[in-house]
Amino acid sequence: MRTIFDIYSSTQLIWVAVSIFLMGMGKGGFPIGAVALPLLVLVWPEQAGDTKKVAAFMLPMLCVMDCFAVGFYRNHIDWRRVLPLVPMAVLGVATASVLFLFGDSFVHLSDRWLKLMIGLIGLMFVAYQICRKLILNRLSDSEPTRRKAHGFGFSAGVTSTLAHAAAPLAQMYFLPQGLGKMTLAASMAGFFFILNLVKVIPYFFSGQFTREGMTLCAMMLPLIPVGVAAGFTSVRMMKGDTYRLFIHIILFCTSCVLIQRALAG
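Basis of the calculations
- Residues numbered from 1 in each chain as written.
- Predicted model: local features only at pLDDT ≥ 70, side-chain atom pairs only at ≥ 80, totals over all residues.
- Heavy atoms only, no water.
- Helix = DSSP H or I, 4+ residues; strand = E, 2+ residues; numbered from the N terminus.
- Buried < 20%, exposed > 50% of the residue type's maximum accessible area, 1.4 Å probe, protein only.
- Contact = heavy atoms within 4.5 Å.
- Salt bridge = Lys/Arg side-chain N within 4 Å of Asp/Glu carboxyl O.
- Phe/Tyr/Trp six-rings, centres within 6.5 Å; stacked < 30°, edge-to-face > 60°.
- Patch = residues over 30% accessible without salt bridge, like charges linked within 9 Å, V, L, I, M, F, W, Y side chains within 5 Å.
- Areas by Shrake-Rupley, 256 points an atom, 1.4 Å probe, with all protein chains shown as cover.
- Axes fitted to C-alpha atoms, helices over the stretch in contact; angles between N-to-C directions.
- Parallel < 35°, antiparallel > 145°, perpendicular 65-115°, else oblique.
- Left-handed = near helix turned anticlockwise from the far one by under 90°.
- Expected span 1.5 Å × (residues − 1).
- Arc of directions from axis to C-beta.
- pLDDT = per-residue confidence, 0-100.

Engineer: Could you give an account of the overall build of the chain, naming the residues involved and the relevant values?
Structural biologist: Scanning the chain from N- to C-terminus turns up 14 helices and zero strands. Reading the chain from its N terminus to its C terminus gives the helix and strand order α-α-α-α-α-α-α-α-α-α-α-α-α-α. Looking at the chain as a whole, 49% of its 265 residues qualify as buried. Pairs at least 24 residues apart make up 83% of the contacts formed inside the chain by residues separated by at least 6 positions.

In structure tokens:
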């Protein structure tokens, strides 16, 4: 029977731990979690499975992080703004699962194409962060309409199911509403708490979870409260403009490497 140390080298385990810590900070409200998936895909060993297994490994970790994030922000979540997103987000999860996730899915995404997609999403996230003020200025600073909630909810469900990459969509939905930083971070935490729990169902029934992946999850659990607490503290105490720039540069470079590897085949 293989052990974790037969599958992952010490260096790979360190990079997995770094990725989990960054995810935790992102769940704590500090916007650097988008680095985690591209970084994990780069260091993920072939013997641990394809790129889908990276997303499957991340999902239980995300659910635990969501619990901590909701615990930290429980007094700041504006559920009135979160719940309109949920019905179409669930539909988006179901649609993406049927189309892409199951073995007999209608559309087969090879490991190469999934890496390319994750790399492109990373680049789009960086572009969104650079152009965010321009984008947000074109969005109305009013209460979101039902149509807007349905559109963003469905899109978030699809992208989150494929690559845990719905953060920019959630930001585009919540930011124009003029929320305070604590309410903004809290409401996003509440939304992803629901969304990630819903995603567990198709991931489980499609057989994406593995014994080795769950064992690695258990090993990394102590990093979760540390990462979430660090993100929560950063939101409260730091401006972090220089730090965010540094993280976006890392994400840009990581995404470019992923795209290059995918195109090289």
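Engineer: Give a detailed account of unusual backbone geometry, specifying residues and quantitative values.
Structural biologist: If you check the backbone angles, His164 has positive phi at about 45 degrees while not being a glycine. With respect to the helices and strands, His164 occurs in the loop between α9 (146-163) and α10 (167-174). Here His164 falls in the buried class, since its relative accessible area comes to 17%.

Engineer: With reference to specific residues and values, describe the pattern of salt bridges.
Structural biologist: For the structure shown, the criterion picks out four salt bridges. The partner of Arg211 in a salt bridge is Glu212, with the nearest N and O atoms 3.4 Å apart. What you see here is one network of salt bridges that share partners, running through Asp78, Arg80 and Arg81.

Engineer: Residue-level account of the packing of aromatic side chains, with values.
Structural biologist: Overall, the coordinates contain nine aromatic pairs when judged by the stated rule. Ring centres of Tyr8 and Trp44 lie 5.5 Å apart, and the angle between their planes is 70 degrees; this geometry places the pair in the edge-to-face category. Taken as a pair, Tyr8 in the loop between α1 (4-7) and α2 (10-27) and Trp44 in the loop between α3 (36-43) and α4 (51-73) lie far apart in primary sequence, 36 residues in all. The burial state of Tyr8 is the same as that of Trp44; both residues are buried. One aromatic cluster is present, built from ring pairs that chain together Tyr8, Trp44 and Phe57.

Engineer: Quick rundown of a nonpolar patch on the surface? Include the residues and the values.
Structural biologist: Where nonpolar side chains cluster on the molecular surface, the patch consists of Ile14, Trp15 and Val18 and spans about 270 Å² of accessible area. If you trace the backbone, Ile14 turns up in helix α2. The exposure class of Ile14 is exposed, given its relative accessible area of 54%.

Engineer: Tell me about the packing of α3 against α4, and name the residues and values.
Structural biologist: In the contact formed by α3 and α4, the axes pass within 10 Å of each other and the chain directions differ by 130 degrees. As summarised for this structure, α3 and α4 are arranged oblique, according to the angle between their axes. When the axes of α3 and α4 are compared, the crossing they make is right-handed. Taken together, the residues of α4 that come into contact with α3 (itself represented by Ala36, Leu37, Leu40 and Val41) are Thr51, Val54, Phe57 and Met58.

Engineer: Could you give an account of helix α13 (residues 223-237), naming the residues involved and the relevant values?
Structural biologist: With 15 residues, α13 should reach 21 Å at 1.5 Å per residue; the first-to-last C-alpha distance of 21 Å fits that figure. By the burial criterion, the buried members of α13 are Ile224, Gly227, Val228, Gly231, Phe232, Ser234 and Val235. Looking down the long axis of α13, one finds its buried residues gathered within 160 degrees of arc, a one-sided arrangement. Of the surrounding secondary structure, the elements contacted by the buried residues of α13 are α2, α4, α11 (181-205) and α12 (211-220).

Engineer: With reference to specific residues and values, describe the environment of Ala69.
Structural biologist: Checked against the element boundaries, Ala69 lands in helix α4. For the pair Ala69 and Ala189, spaced 120 residues apart in sequence, the C-alpha to C-alpha distance is 6.1 Å. When residues no more than four places from it in sequence are discounted, the contact partners of Ala69 are Lys27, Ala189 and Val228.

Engineer: Would you mind going over the confidence of the model for the chain in detail, with residue names and values included?
Structural biologist: Residues with a pLDDT of 70 or more make up 88% of the chain, whose mean pLDDT is 83. The secondary structure element of the chain with the lowest average pLDDT is helix α8 (residues 132-137), at 68, and the one with the highest is helix α5 (residues 79-82), at 94.

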